[in-house]
Amino acid sequence: MIKALAVCTGFFSLASCREHSVTPTSGLVPEVDNIHTFAMNTGDFTIQLRNALSDSITTSTYKVAGTSASVSAVGLGTYVDPFFGRTTASAYLQVTPYKSGFAFPSGSTMDSAVLVMPYMNSTVTGRSYGDTTKSLHLNVYRTAAKVEVSGTYYSNSVIPAEITPIGSATIPYTRYNSSAQTVTATGDTLKGQLRIKLDNSFAQEIKNADTANFLNTTAFHEYLKGLYITPDLTQAGGVMSYFMLPSVSSGDQKNLAGARLEFYYHTIDTVLMSSFPVKTDVCGYFSNYARTYTGYPAANYINRNSDSLLIQSEPGFSTEVTITGLLDIPPAVINKAEMVFTTVNLASPDNVFTPIDVLTPVILDNGQEMPLYEVLDNNGNTNSNGSLFVNPYAQKKTIAGIEYTQYRINIPRTLQHFRNEGRNAVTIRLRGSKNFPGMYRVLAPGIGSGAETNFKLNLIYTKQQ
């Protein structure tokens, strides 16, 4: 681990320099002939990189794209990145009885209560980040205030919780991924579900509660205000996962698809189960994502200029690229303006901390974020094809026989707009997307690394005749 950190910090000198290179062009971009069409490169501009922490993001409406429809989700787990430090994901949520006026059968005996969180392992839903040979070490608490379905909660929101947990568990990733199977007390076979057995005292309390608490969802939420699920940081951890909150219908006593509390109880001759599901139309939920940089290299890059690009899926680091010298471009049509940067490869086992699939580049103007002009049509409306042109997607690139992840972000229209307005500089903020909060990052050298992997700006323009 120490060796890996030394390699990382060595890459990121704080020096600044200028360099010249020409990138061959083809396709729709005219060839450079130095008669009508010319190239400008990194050394023709003054480029400054600044690293900052992005604001918190809304997590009470967070959804991931499913195979047929978007699905609400929460993050759980913790991991330590050798450069960026610790990320911890905790979840707050509410449940409700499967029907109004619910009551446990007279004379029944309570056996157990289990908190269940569905996990669907695929390229879009589910997902885990970090070392999937590790386990989640989780504690479950009752909240001391309600998780409001009408509330807006952010990645840094906190609701007070009771001191004593009502359940704890250590769950290996292999136990809840899609291939794992569980047979319940009622004989049902389930796949891909995280299951935390709660304390018997909690199960008995729910069984013995006044029936008025079960009249409807409002009454139940006054009684059980919410649940808080958080990693046990006294344990090593090492992995973070998303868990689904699928839509469920009312009246299903034994719901096996949704996130839920399961109560197992029996009568003289029958074992029964009743689900109290997370119904997202009446139950609040959100995730808290805590980033701890202290003691790790990233702490030295917060809110300062450097010669490096540090980007995390939000919330977390972003990098602002200020390009000065736009008025040195003659009156011309800018055909291409491409920012190129290449990630640092970490040594195993730290290579589990993979780069972000899609970045979110925006203009930063007077402290306000604005969309790139590439993603707007002539009327200022969002153009659905704009992101394809900007190309903010991770791509594989082999350099000197080594495979890297590289980004080649195209911003000619934005530079053209600022140049035409007579403005000499533009700032582009490169931030991670909100698609997978708490997961994925970019660690890339800046201009002064002196290597083929350094940051480049390649620009081609055609003079107006």
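All of these numbers come straight from a predicted model, not from anything done at the bench. (Residues numbered from 1 in each chain as written. Predicted model: local features only at pLDDT ≥ 70, side-chain atom pairs only at ≥ 80, totals over all residues. Heavy atoms only, no water.)

Digging into the confidence of the model for the chain
Here comes step 1: Of the residues in the chain, 91% have a pLDDT of 70 or more, and the chain-wide mean is 88.
Here comes step 2: Across the chain, the secondary-structure element scoring lowest on mean pLDDT is helix H1 (residues 2–11), at 35, and the one scoring highest is strand E13 (residues 227–231), at 98.
Here comes step 3: In the predicted structure, residues 1–27 sits below a pLDDT of 50 and forms 56 contacts with residues beyond four places in sequence or in another chain. (pLDDT = per-residue confidence, 0-100. Helix = DSSP H or I, 4+ residues; strand = E, 2+ residues; numbered from the N terminus. Contact = heavy atoms within 4.5 Å.)

Thoughts on the sheet that holds strand E26 (residues 425–432)
Here comes step 1: Strand order in the open sheet formed by six strands is E18-E2-E20-E26-E22-E23, and the pairing between neighbours is antiparallel. Across the chains shown, the open sheet's two edge strands, defined by having one partner strand only, are strand E18 (304–306) and strand E23 (368–370). For this sheet, the mean angle separating the axes of adjacent strands, direction not counted, is 35 degrees.
Here comes step 2: As defined by bridge partners, strand E2 (residues 46–53) adjoins strand E20 (residues 317–324) across eight bridges and the pair is classed as antiparallel. Its bridge partner lying in E20, arginine 50 is registered against glutamate 320. (Pairing = 2+ DSSP bridges. Axes fitted to C-alpha atoms, helices over the stretch in contact; angles between N-to-C directions.)

A short note on the sheet that holds strand E1 (residues 37–40)
Here comes step 1: Sheet architecture is open: five strands sit in the order E1-E28-E21-E25-E24, paired in antiparallel fashion. Across the chains shown, the open sheet's two edge strands, defined by having one partner strand only, are E1 and strand E24 (395–399). Along the sheet, successive strands turn relative to each other by an average axial angle of 30 degrees, direction set aside.
Here comes step 2: With four bridges joining them, E1 and strand E28 (residues 456–463) adopt antiparallel strand pairing.

Quick word on the pairing of strand E5 (residues 85–93)
Here comes step 1: Here E5 lies mainly inside the structure; eight of its nine residues are buried.
Here comes step 2: Note: strand E4 (residues 70–81) against E5, five bridges, orientation antiparallel. Across the sheet, residue threonine 78 finds its bridge partner in E5, namely threonine 88.
Here comes step 3: Judged from the eight bridges that link them, E5 and strand E17 (residues 285–292) form a sheet pairing that is antiparallel. Along E17, the bridge assignment pairs leucine 93 with tyrosine 285.
Here comes step 4: Judged from the three bridges that link them, E5 and E13 form a sheet pairing that is antiparallel. From the neighbouring strand, alanine 91 faces E13, where its bridge partner is isoleucine 229. (Buried < 20%, exposed > 50% of the residue type's maximum accessible area, 1.4 Å probe, protein only.)

Quick word on the environment of leucine 346
Here comes step 1: Its location among the elements puts leucine 346 in the loop between strand E21 (332–342) and strand E22 (359–365).
Here comes step 2: In this structure, the C-alpha to C-alpha distance between leucine 346 and proline 82, residues 264 residues apart in sequence, is 9.1 Å.

What to know about the side chain of lysine 456
Here comes step 1: Within the secondary structure layout, lysine 456 lies in strand E28.
Here comes step 2: Of note is the side chain of lysine 456, whose polar atom sits 2.8 Å from the backbone oxygen of glutamate 452.
Here comes step 3: Within the local environment of lysine 456, its side chain forms a polar contact with the side chain of asparagine 454, the two groups lying 2.9 Å apart. (Polar contact = N/O pair within 3.5 Å; in protein donor to acceptor, adjacent residues only side chain to side chain.)

What about the packing of aromatic side chains?
Here comes step 1: Applying the stated criterion across every chain yields a total of 35 aromatic pairs.
Here comes step 2: When the ring of phenylalanine 102 is compared with that of phenylalanine 276, the centres are 5.2 Å apart and the planes differ by 85 degrees; the resulting orientation is edge-to-face. One end of the pair, phenylalanine 102, is in the loop between E5 and strand E6 (109–118); the other, phenylalanine 276, is in strand E16 (residues 271–277), with 174 residues separating them in the sequence. When sorted by exposure, phenylalanine 102 lands in the same class as phenylalanine 276, which is buried.
Here comes step 3: Relative to phenylalanine 317, the ring of tyrosine 293 lies with its centre 5.2 Å away and its plane at 80 degrees, an arrangement referred to as edge-to-face. Residue tyrosine 293 is found in the loop between E17 and E18, and its partner phenylalanine 317 is found in strand E20; the two are separated by 24 residues along the sequence.
Here comes step 4: Under the relative-accessibility criterion, tyrosine 293 is labelled buried at 7%.
Here comes step 5: In this structure, arginine 142 is placed above the aromatic ring of tyrosine 223, and the distance from its NZ or CZ to the ring centre is 5.7 Å. (Phe/Tyr/Trp six-rings, centres within 6.5 Å; stacked < 30°, edge-to-face > 60°. Lys NZ or Arg CZ within 6 Å of the ring centre and 35° of its normal.)

Notes on the pairing of E16
Side-chain positions along a regular strand alternate between the two faces of the sheet.
Here comes step 1: Extensive coverage of E16 is indicated by the burial of five of its seven residues.
Here comes step 2: Sheet analysis places strand E15 (residues 260–266) next to E16, joined by seven bridges and oriented antiparallel. What sits directly across from tyrosine 265, in E16, is leucine 272.
Here comes step 3: Between E15 and E16, which pair antiparallel and follow one another directly, the connecting turn spans four residues.

A closer look at the side chain of asparagine 139
Here comes step 1: Locating asparagine 139 in the fold gives a position in strand E8 (residues 135–142).
Here comes step 2: Among the polar contacts made by the side chain of asparagine 139, one reaches the side chain of serine 168 at a distance of 2.7 Å.
Here comes step 3: Apart from the residues lying within four places of it in its own chain, the contact partners of asparagine 139 are Pro165, Gly167, Ser168, Tyr228, Ile229, Thr230 and Asp232.

Considering helix H3 (residues 200–208)
Here comes step 1: The complete set of buried residues in H3 reads Phe202, Ala203, Ile206 and Lys207. Along H3, the residues classed as buried sweep out an arc of 140 degrees about the axis, all on the same side. More than 90 degrees from the buried face of H3, the exposed residues found are Ser201 and Asn208.
Here comes step 2: Taken together, the buried residues of H3 touch E6, E8, helix H4 (217–223), E15 and E16. (Arc of directions from axis to C-beta.)

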